[in-house]
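The chain contents come next:
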There are 2 protein chains.
Amino acid sequence: MDISSFNPPRRILMGPGPSDISPQVLQAQSRPIIGHLDPLFVNMMDEIKALLQYAFQTQNAHTFAVSAPGSAGMETCFVNLVEPGDKVVVCINGVFGQRMLENVERCGGVPVVVEDSWGEAVSIEKVSQTLEQHPDAKILAFVHAETSTGVASDAQALCALAKQHNCLTIVDAVTSLGGIPVKVDEWGIDAIYSGSQKCLSCVPGLSPVSFSQAAVSKLTSRNSKVQSWFLDQSLVMGYWSGEQKRSYHHTAPVTALYALHESLLALYKEGLEQSWQRHADMHSQLADGLTELGLDLMVDQSCRLPQLNLVAIPNGVDEAAIRAKLLNNYNLEIGAGLGQFAGKAWRIGLMGYAARKENVSLCLAALAEVLGES
Amino acid sequence: MDISSFNPPRRILMGPGPSDISPQVLQAQSRPIIGHLDPLFVNMMDEIKALLQYAFQTQNAHTFAVSAPGSAGMETCFVNLVEPGDKVVVCINGVFGQRMLENVERCGGVPVVVEDSWGEAVSIEKVSQTLEQHPDAKILAFVHAETSTGVASDAQALCALAKQHNCLTIVDAVTSLGGIPVKVDEWGIDAIYSGSQKCLSCVPGLSPVSFSQAAVSKLTSRNSKVQSWFLDQSLVMGYWSGEQKRSYHHTAPVTALYALHESLLALYKEGLEQSWQRHADMHSQLADGLTELGLDLMVDQSCRLPQLNLVAIPNGVDEAAIRAKLLNNYNLEIGAGLGQFAGKAWRIGLMGYAARKENVSLCLAALAEVLGES
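Residues numbered from 1 in each chain as written. Chains lettered and ligands numbered in written order. Predicted model: local features only at pLDDT ≥ 70, side-chain atom pairs only at ≥ 80, totals over all residues. Heavy atoms only, no water.

Engineer: Give me the sheet that holds strand S1 (residues 12–14) of chain B: which residues, what numbers.
Structural biologist: Residue and element names in this part refer to chain B. Strand order in this open sheet of 4 strands is S1-S12-S13-S11, and the pairing throughout is mixed. A strand with exactly one partner marks an edge of an open sheet, and here the two such strands are S1 and strand S11 (308–312). The sheet shows a mean angle of 35° between the axes of neighbouring strands, taken without regard to direction. The pairing of S1 with strand S12 (residues 332–336) spans 3 bridges and is parallel. For isoleucine 12, the partnering residue across the bridge sits in S12 and is leucine 332. (Pairing = 2+ DSSP bridges. Helix = DSSP H or I, 4+ residues; strand = E, 2+ residues; numbered from the N terminus. Axes fitted to C-alpha atoms, helices over the stretch in contact; angles between N-to-C directions.)

Engineer: Account for the UniProt feature "binding site: substrate" (unreviewed entry) in chain A, with residues named and values stated.
Structural biologist: Taking the numbering used here, the UniProt-annotated feature "binding site: substrate" (unreviewed entry) corresponds to Arg347 of chain A. A polar contact of 2.8 Å, which involves the side chain of arginine 347 of chain A, links it to the backbone oxygen of threonine 147 of chain A. (UniProt positions renumbered as here; feature names shortened; annotations may be inferred. Polar contact = N/O pair within 3.5 Å; in protein donor to acceptor, adjacent residues only side chain to side chain.)

Engineer: Got a sec to walk through the nonpolar core? Specific residues and values, please.
Structural biologist: Residues Phe41, Ile170 and Leu257 of chain A together with Phe41, Ile170 and Leu257 of chain B are the most contacted members of the largest nonpolar core, which totals 209 residues. Residues within four places of phenylalanine 41 of chain B in sequence aside, it is in contact with Ile34, Gly35, His36, Tyr239, Ala252, Val254, Leu257 and Tyr258 of chain B. Of all hydrophobic cores here, the second largest spans 26 residues; its members include Met14, Tyr330, Ile334 and Leu350 of chain A. (Core = buried A, V, L, I, M, F, W, Y, C linked by side-chain atoms within 4.5 Å. Buried < 20%, exposed > 50% of the residue type's maximum accessible area, 1.4 Å probe, protein only. Contact = heavy atoms within 4.5 Å.)

Engineer: Residues and numbers for the domain arrangement of chain A, please.
Structural biologist: All names here are of chain A. Considered domain by domain, chain A is made up of domain 1 (12–17 + 271–373) and domain 2 (23–268). Placing a centre on the C-alpha atoms of domain 1 and another on those of domain 2 gives a separation of 27 Å. Contacts between domain 1 and domain 2 engage 24 residues on the former and 31 residues on the latter. Taken as a group, Leu272, Trp276 and Leu305 account for 28% of the area that domain 1 buries against domain 2, more than any other trio of residues on that side. On inspection of domain 1 and its partner domain 2, the count reaches 0 salt bridges. If you look at where domain 1 meets domain 2, you find 11 residue pairs in polar contact (both at pLDDT 80 or more). Put simply, the parts of the chain that give the side of domain 1 that touches domain 2 at least two residues each are helix H11 (272–292) and strand S11 (308–312). The element that contributes the greatest number of residues to the side of domain 1 that touches domain 2 is H11, accounting for 4 residues. When the residues that make up the side of domain 1 that touches domain 2 are grouped by side-chain class, the tally is 14 nonpolar, 8 polar and 2 charged. (Domains from an automatic or database assignment. Buried area = accessible area lost by both parts, 1.4 Å probe. Salt bridge = Lys/Arg side-chain N within 4 Å of Asp/Glu carboxyl O. Nonpolar A, V, L, I, M, F, W, Y, C, P; charged D, E, K, R; others polar.)

Dropping the structure here:
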């Protein structure tokens with residue numbers, strides 16, 4: 001075989017994720033490996049937990065990172081909290097709501113779907129009606145920030161509704177955490193998962209999660225075993241909990257956790273409010289520039305995510321050719337449309353370390369040049 | 001919060017994993033991130049597949065790395081190949097055989113257990129009798145190299161038996177791959193999983209797997225959906241397959257895959273036979289030295305793993321204090337006993353990059369010193 005070491009170019013990542021990673025985080029990840037039960041490592045895990053509690057704005061003891069990507073974080077919430085026969089109201093307004101539905105079905109849950117158009121927020125009114133109609137529903141599940149459409153839904157209002165109807169909530173915050181406000185305790189979120197590789201700007205492969213006391217109670221009073229051994233939180237708690245001797249569950253992704261520690265520390269040092277403001281400011285600059293170029297942002301301003309911008313592809317433009325030119329000539333990655341928006345939209349991300357002025361300027365300049373040529 | 005960047009010391013890892021990582025692999029991991037659908041990245045994934053086919057000694061098209069640790073690789077094999085009601089013969093001679101049983105149960109399979117003493121190999125005779133008694137068994141599952149005991153079982157003979165009885169095989173090669181012969185095609189293994197962080201000396205967090213054509217057929221002819229969305233190989237294939245356009249499934253752990261590429265390349269350049277021989281040679285030196293120190297290797301030479309050595313704790317020795325001294329005074333990690341061997345044995349690993357002469361010498365010298373003091 002004629003294979004040599006892989007030496008990637010320096011790209012600028014402005015797609016839907018993975019996002020750019022700061023040199024500090026990449027450097028942290030390359031530090032020497034130590035054991036996953038080493039006292040120094042266990043101490044670092046406690047720091048990660050504290051930093052995640054800050055990022056999620058929660059006091060939840062059950063707050064840590066699943067050793068796998070965001071999709072596994074999603075599955076962690078569903079397999080632990082949905083028992084066969086449980087009725088779950090699932091809101092779908094994009095790809096990741098659909099994936100939630102898949103999860104409910106594969107757990108043996110009974111899904112009740114609330115559907116909204118792609119590109120629109122979850123309708124509070126429809127959810128309210130549905131919860132009225134299904135007083136036996138046990139869980140409300142929705143996506144806070146739909147990565148497939150660039151839409152934010154009103155997590156606070158949805159959680160308040162769920163509480164009124166005695167439902168637990170499962171919230172997808174993969175794209176929202178760090179980029180827009182996420183307030184787990186204040187909003188009363190019961191189970192939330194995110195990804196390391198969006199607005200946290202860590203390496204991909206980890207999924208921060210947090211469970212409220214009510215979620216932990218539901219888990220510990222289950223009648224049936226969690227169908228996934230790997231994701232069973234009643235077992236994983238023994239490794240991540242500070243209250244007892246750490247018991248071996250699986251070998252933690254040590255170096256990825258170094259990176260998570262460093263990226264969460266950067267977020268803490270910047271401050272959550274400052275990070276939200278930076279994402280909002282960069283979005284404004286990008287939106288203004290795109291408008292000047294005659295490009296349309298497809299999501300209404302009332303529910304638009306600053307960190308992920310859905311841009312309509314102009315008539316007659318070969319969208320894949322434009323993306324290839326940006327990648328090959330400018331080392332700039334923007335995202336293709338997903339699901340219903342495949343071929344109809346680009347997704348331009350401004351996530352974490354990538355939400356910087358020089359990136360906005362480059363993206364606008366490069367788009368102007370390649371669209372001018374096409 | 002008073003938290004600063006994490007700067008681990010340089011440890012020498014001679015426990016049951018994670019193992020030491022070469023500077024080249026750590027450096028590869030810290031290269032700039034590119035997108036998980038970038039053509040350059042997709043090409044690198046094809047190289048990883050070819051390198052894994054070499055490591056597993058297989059032509060299986062369905063060969064790649066699960067984006068999570070070895071425990072998730074185990075679960076990948078069980079959730080995809082075991083349907084509710086399927087009878088599965090599970091061999092237990094340590095912690096990881098027990099974990100296989102957990103997996104069978106959580107998949108709704110009907111387990112038939114073949115039990116052997118911890119510290120002994122799986123009995124070919126017992127498995128043969130069990131397969132005779134259960135002609136409706138569909139799968140035989142066993143651990144090739146038990147990480148909890150340091151025992152190798154005869155995978156070739158077990159797979160031959162399974163074939164005679166029309167059973168598929170699921171084989172745990174987490175600790176064996178790269179350290180002792182693993183020959184997927186020659187032995188007729190149907191589903192195999194390993195870990196990145198043992199004899200491959202890559203970062204922890206990935207699980208190489210390979211499925212034979214018969215395993216893929218079983219998967220594609222299932223009556224029920226795979227209970228895990230994240231691990232459903234019928235979906236994951238769309239991302240890792242070279243034959244079709246790569247479809248998004250989840251965000252791959254990009255930088256960890258850089259590291260896997262580099263570590264597999266190192267194994268390919270050294271050569272599998274040379275790697276097996278190196279592990280055997282280092283084991284010989286370690287075993288001789290331990291014997292000179294008056295320490296007993298607990299596993300019979302006929303089934304002893306060179307890469308993981310179970311050492312009896314001498315009477316009256318505080319085993320945890322010894323490990324703490326090795327760690328604190330020599331930066332040397334050896335492993336505690338697990339399960340039945342907790343408090344009774346140490347586990348000294350010689351895995352991948354850690355299987356080097358200087359490590360053997362240090363380990364013996366340090367053990368002599370701390371045992372002399374105790």
